[in-house]
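A structural walkthrough
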Amino acid sequence: MSTQRVRTRVSFVLLAFLAACGEDAAPAAGAGPAAEPPATVSAELTAKLAAADKKDGTEDKVVHMCAGCGLGMAGKAENTLQVGGYAMHFCKHDCQERFRRDAVGELTRLKVD
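Okay, so let's go over this structure. (Residues numbered from 1 in each chain as written. Predicted model: local features only at pLDDT ≥ 70, side-chain atom pairs only at ≥ 80, totals over all residues. Heavy atoms only, no water.)

Going through the model one piece at a time under the given rule, you end up with four salt bridges. Between Glu106 and Arg98 there is a salt bridge, with its nearest N and O atoms 3.6 Å apart. Residue Glu106 is classed as buried on the basis of its relative accessible area of 14%. Here Arg109 ties to Glu106 by a salt bridge, and the two come within 3.1 Å at their closest N and O atoms. (Salt bridge = Lys/Arg side-chain N within 4 Å of Asp/Glu carboxyl O. Buried < 20%, exposed > 50% of the residue type's maximum accessible area, 1.4 Å probe, protein only.)

Written out as structure tokens, the structure reads:
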């Protein structure tokens, strides 16, 4: 594969990632109340939350990296969601709402290395 083709593909992936984590979209009109995340989660998901908590170098029951973006960006305190005893910060409202609607599913899919 040519160098130019590799650069083009890398640029496309980067742009797609940035678009997914860009500006907040306004909440949909008439969307109704969002589901609340569970107060408790399984032991497996609690372990995943603990691993996500450690990503910033501290263990303080606060996940500072945006789980909606695969823990690849810093979250913001104004976009916080309480899940399983952890405060999760999200980079934007859309990421927060996605987790609010299906916290268990989103945590299950989250890759924490």
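After presenting the structure, the write-up continues.
Attention now moves to the environment of Val63. Within the secondary structure layout, Val63 lies in strand S1 (residues 62-63). The class for Val63 is buried, based on a relative accessible area of 0%. Sequence-wise, Val63 and Thr80 are 17 residues apart; in three dimensions their C-alpha atoms are separated by 9.4 Å. (Helix = DSSP H or I, 4+ residues; strand = E, 2+ residues; numbered from the N terminus.)

Looking now at the side chain of Gln96. Relative to the helices and strands, Gln96 is located in helix H3 (residues 93-101). Once you skip the residues sitting within four places of it in the chain, Gln96 turns out to touch Asn79, Thr80, Leu81 and Phe90. (Contact = heavy atoms within 4.5 Å.)

Buried residues of H3: Cys95, Gln96, Glu97, Phe99 and Arg100, and no others. Where H3 is buried, its residues meet strand S2 (76-83), strand S3 (86-90) and helix H4 (103-109).

Let us look at the sheet that holds S2. A sheet is described by the order of its strands in space; here three strands give the open sequence S1-S3-S2, paired in mixed fashion. The open sheet is flanked by S1 and S2, the only strands paired with a single partner. Bridge count between S2 and S3: five bridges; the pairing is antiparallel. Among the inter-strand pairings, Thr80 is bridged to a residue of S3, identified as His89. (Pairing = 2+ DSSP bridges.)

The next subject is the pairing of S3. In terms of burial, S3 is a largely internal element, five of the five residues being buried. Of the two faces of S3, both are covered, the one formed by Tyr86, Met88 and Phe90 as well as the one formed by Ala87 and His89. Of the pairings in the sheet, the one linking S1 to S3 comprises two bridges and is parallel in character. Among the inter-strand pairings, Val63 is bridged to a residue of S3, identified as Met88. Here S2 folds back onto S3, and the loop between the two strands holds two residues, one of which, Gly84, carries a positive phi near 55 degrees.

Here we come to the state of the cysteines. Per the stated rule, a full pass over the model turns up zero disulfides. Free of any disulfide, Cys66 has its nearest cysteine sulfur in Cys91, 3.7 Å distant. The cysteine Cys95 is free of any disulfide, with Cys66 supplying the nearest cysteine sulfur at 3.8 Å. On the accessibility criterion, Cys95 (1% relative accessible area) is buried. (Disulfide = S-S within 2.5 Å.)

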